[in-house]
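# Observations on the three-dimensional arrangement
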Amino acid sequence: MAATADAVLAELRERVSAAHRTRQGLRLRGSGTKDFYGESLTGEVLELRTHQGIVDYEPSELVITARCGTPLSEIEAALAAHGQFLAFEPPAFGADPSIGGVIAAGLSGPRRVYAGAARDFVLGTRLLSGDGEMLRFGGQVMKNVAGFDVSRLLCGSLGILGIITEVSLKVLPRPRAEETLRLELPAAAAVESFNRWSALGVPISGGAWWQGSAWVRLSGAPPAVRSARERIGGEALDAASAQAWWAALRHCQLPLFDSRVIWRLSVPGAAPPLTLPGEPLIDWGGALRWYADPPDDVDVRTLACAAGGTALCWRGPAPAGRFHPLPPALARLHRRLKERFDPHGIFNPGRLLAGV
Amino acid sequence: MAEADIAAALRKFLPEDCVLSREEERRPYECDALTAFRQLPGLVVLPHTEQQLLEVLLTCSRLGVPVVARGAGTGLSGGSTPHAQGVLLSCARLNRILEIDPHARIARLEPGVPNLRVSEAAAEHGLYYAPDPSSQVACSIGGNVAENSGGVHCLKYGLTVHNVLGVRGYTMEGDLLELGGRAPDGPGLDLLALTIGSEGLLMIVTEVTVKLIPRPPCAQLVMASFADVHSAGTAVAAVIATGIIPAALEMMDRQATAAVEPFARAGYDLTAAAILLVESDGTPEEVADQVREIVHVLRTAGASTLRVSGSEAERLRWWSGRKNAFPAAGRLSPDYYCMDGTIPRRHVGEVLQAIERMETRYALRCMNVFHAGDGNLHPVILFDANDHDSWERAERFGAEILELCVQLGGTITGEHGVGVEKLNSMCVQFSPAERAAFAAVKEAFDPAGLLNPGKVIPTLARCAEYGRMRVHHGALPHADLPRF
């Protein structure tokens, strides 16, 4: 297995070196489930799925290390066998994503504001750089401040700085108890409640609102979950319905995601309802708000900014780019980092930011 | 450029009290808490406002003057060691708490606010700021951001990087950067994560937004004794393997308990080879459940005695010994050198035994305190700085421990940073290409290389020289030459 992985890696390095020589752009692809995500898809496809396998998993160390092409399902199954999980609940769109794609995209599910984002769980990476060098950043330990935290920089980089060939992630034990409550509440009251409960130490691990209902997930020690349930009230969902709801939310499978145009707004968690027309789907206890089919004359980005946040055009015609535009000083830093990590601009050109 | 000219340029826009140029005024800034490295700064500048700080950067940038930022000076790796021809930029006067929003559970702070003051200010709302480095009474939030500071509770609550939502600040060129913020997951690369722990090499932070969390209503501490360090190490893994994430999981070896007990009077078992301190926090019911489970796991793992704190006073007394480990070292020895390697937990017994052998080889004593839950070791090497040979041995002893950490899949620094202290060890942990990548990051933020130059990233020449020295094993050539 090791020899095979080495052979695959050698082949990847060869492809990168060739691209480096010919200035050929490469389009990095794991499982291809996030082709819709990013600014543009250009370059020759470089398949990374073949570089797969869990390299190391020691449950008592709370760390798993896997090659980039390892399917998410394989990792989650290995963790589940030891009562552990990826607490950032990465979303999967359709087929089984690869762990490299999960980290390169850096997207997180409903637990994001409670347990942490994808980048909070990244401990180390191996990177195949523009000039064909294998670099190792971070490691397999929880605390590590040797050098800049390039591993976390790579999380969400959409592959523009190089190929993440291997990643080490912190994992957590599954909560001992979990319970989901549904309450009939208007959106504003739901967001207010999510914040108030969090400030009181209620062990929330999910706070969502849709079509007049608030969903609250409680996770933790059984007595804590029990007393939180009594405090919050509402209707307790059976395990299967709860699981189905959070999975649909996490993987963007609710009916809203059938819409022609979808905007994803990241705002401060306690922000009051936005002045956008239509009712949102709210996640992350108020910090994530999805809007479908806003009227053409509504400037979603300006409204997101007014609320202290940013807007990402998830689907539909993107006005001036999918991602929220960066201030000039930040865009300049992106260009400089790209020039230094990938001087010939071969990795996923333009996917994160036009021209970068 | 002469210091007097730089001072004159700065005094054009700064009040008189902001620029310290006389030697006796600069002297207190010559080192941080790692006192083995000293350098008198060219000038010390203490702005009162963000605007003044920006103008200092613009002026120094224009004049090509190096700038070293300093928070409270509690750093343990010489990260704020001054530059002889540069400006030492103290953020101590930027110490206002700008906002506390209890509903959104955030605090917005200037960089000079001491860590503990954040929690004190949030206490009336039942909230606190989780990262608690041992120096939290004094250390500043800006310094915590620079070092990605941890503390005894980061196993459960995370490091600075997990608890800072956003920073505002300036590059050396004077560009305003607002990274992260109250809205999670903004567009572009995660430059916030990159900046945290960048040891003042990338930008100067002028505002930090942190996450506040509810103070758990109850906490209890379990203290367990072990007859050998190996079984203590196994017990640590056993606790984690059962699915418990304790609020803290600390280990002290016999040398450490013996050092602190005479004056902390914590009540430690001095016959044990190692003791574990395992804390549980939450609601009273949660804590009762978890403590029962922890006691069971530790007993099964071979603990010889087990005690559970019966009162808050007792819990704090048991902690006081651990938190006073460094002052205790100061009582035992004229000087001490605290290391900060991290290893995968399963190797703890092996590392402690190796350190014991090194004690004989280097003829120096070493006591071990250890954030066992996250594998972060703090061997404290006792030496005498007045005896140059003793310091040289301490340095080599420390370097060897770090090399062992790297060999075992760990790292040379878990929370104290590289600074100037671990430049040589960086040569061991990272390849030339990896160090070049760090240099590339530095160049992207600071093309002129004026912010905290000479820290964190060793030059190729330095690593080559260090490689040659290591080949000779033992006696360093030219031991009389200053190496830092």
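Parameters and conventions
- Residues numbered from 1 in each chain as written.
- Chains lettered and ligands numbered in written order.
- Predicted model: local features only at pLDDT ≥ 70, side-chain atom pairs only at ≥ 80, totals over all residues.
- Heavy atoms only, no water.
- Helix = DSSP H or I, 4+ residues; strand = E, 2+ residues; numbered from the N terminus.
- Contact = heavy atoms within 4.5 Å.
- Polar contact = N/O pair within 3.5 Å; in protein donor to acceptor, adjacent residues only side chain to side chain.
- Domains from an automatic or database assignment.
- Buried area = accessible area lost by both parts, 1.4 Å probe.
- Salt bridge = Lys/Arg side-chain N within 4 Å of Asp/Glu carboxyl O.
- Nonpolar A, V, L, I, M, F, W, Y, C, P; charged D, E, K, R; others polar.
- Disulfide = S-S within 2.5 Å.
- Buried < 20%, exposed > 50% of the residue type's maximum accessible area, 1.4 Å probe, protein only.

### Points about the environment of Glu-173 of chain B
Structurally, Glu-173 of chain B is set in the loop between strand 8 (164-170) and strand 9 (176-180). Sequence separation between Glu-173 of chain B and Leu-34 of chain B is 139 residues; the distance between their C-alpha atoms is 30 Å. In this structure, Glu-173 of chain B is in contact with Arg-336 of chain A together with Leu-58, Ser-61, Phe-445 and Pro-447 of chain B, ignoring residues within four places of it in sequence. Within the structure, Glu-173 of chain B has its side chain in polar contact with the side chain of Arg-336 of chain A (distance 3.2 Å).

### What to know about the domain arrangement of chain B
Residues and elements named next belong to chain B. Partitioning chain B into domains gives domain 1 (3-90), domain 2 (102-214), domain 3 (218-327) and domain 4 (333-368 + 383-472). Placing the centre of domain 1 and that of domain 4 at their C-alpha centroids yields a distance of 27 Å. Carbon and sulfur atoms make up 65% of the area that domain 1 and domain 4 hide from each other, which totals about 1100 Å². Considering only the surface of domain 1 that becomes buried against domain 4, Phe-37, Leu-76 and Ser-77 emerge as the three largest contributors, covering 40% of it. At the boundary of domain 1 and domain 4, one finds zero salt bridges. Counting across the domain 1 and domain 4 interface gives nine residue pairs in polar contact (both at pLDDT 80 or more). Tallied by class, the residues present in the side of domain 1 that touches domain 4 amount to nine nonpolar, eight polar and no charged.

### As for unusual backbone geometry
The phi dihedral of Arg-23 of chain A is positive, around 60 degrees, even though this residue is not glycine. One can find Arg-23 of chain A in the loop between helix 1 (2-22) and strand 1 (26-29). Backbone geometry at Asp-185 of chain B places phi at a positive 55 degrees, although glycine is not the residue there. Secondary-structure assignment places Asp-185 of chain B in the loop between strand 9 and helix 8 (191-195).

### Details of the state of the cysteines
All names here are of chain B. Enumeration according to the criterion identifies one disulfide over all chains in this entry. A disulfide bridge connects Cys-427 with Cys-463, and the sulfur atoms are separated by 2.1 Å. Residues Cys-427 and Cys-463 share a disulfide whose torsion about the S-S bond is about -80 degrees; that sign makes it left-handed. Taken as a pair, Cys-427 in helix 16 (residues 423-429) and Cys-463 in helix 18 (residues 460-472) lie far apart in primary sequence, 36 residues in all. Using a relative accessible area of 15% as the deciding quantity, one classes Cys-427 as buried. No disulfide involves Cys-154; its sulfur sits 13 Å from the nearest other cysteine sulfur, which is in Cys-139. For Cys-366, which is in no disulfide, the shortest distance to another cysteine sulfur is to Cys-338 and amounts to 9.3 Å.

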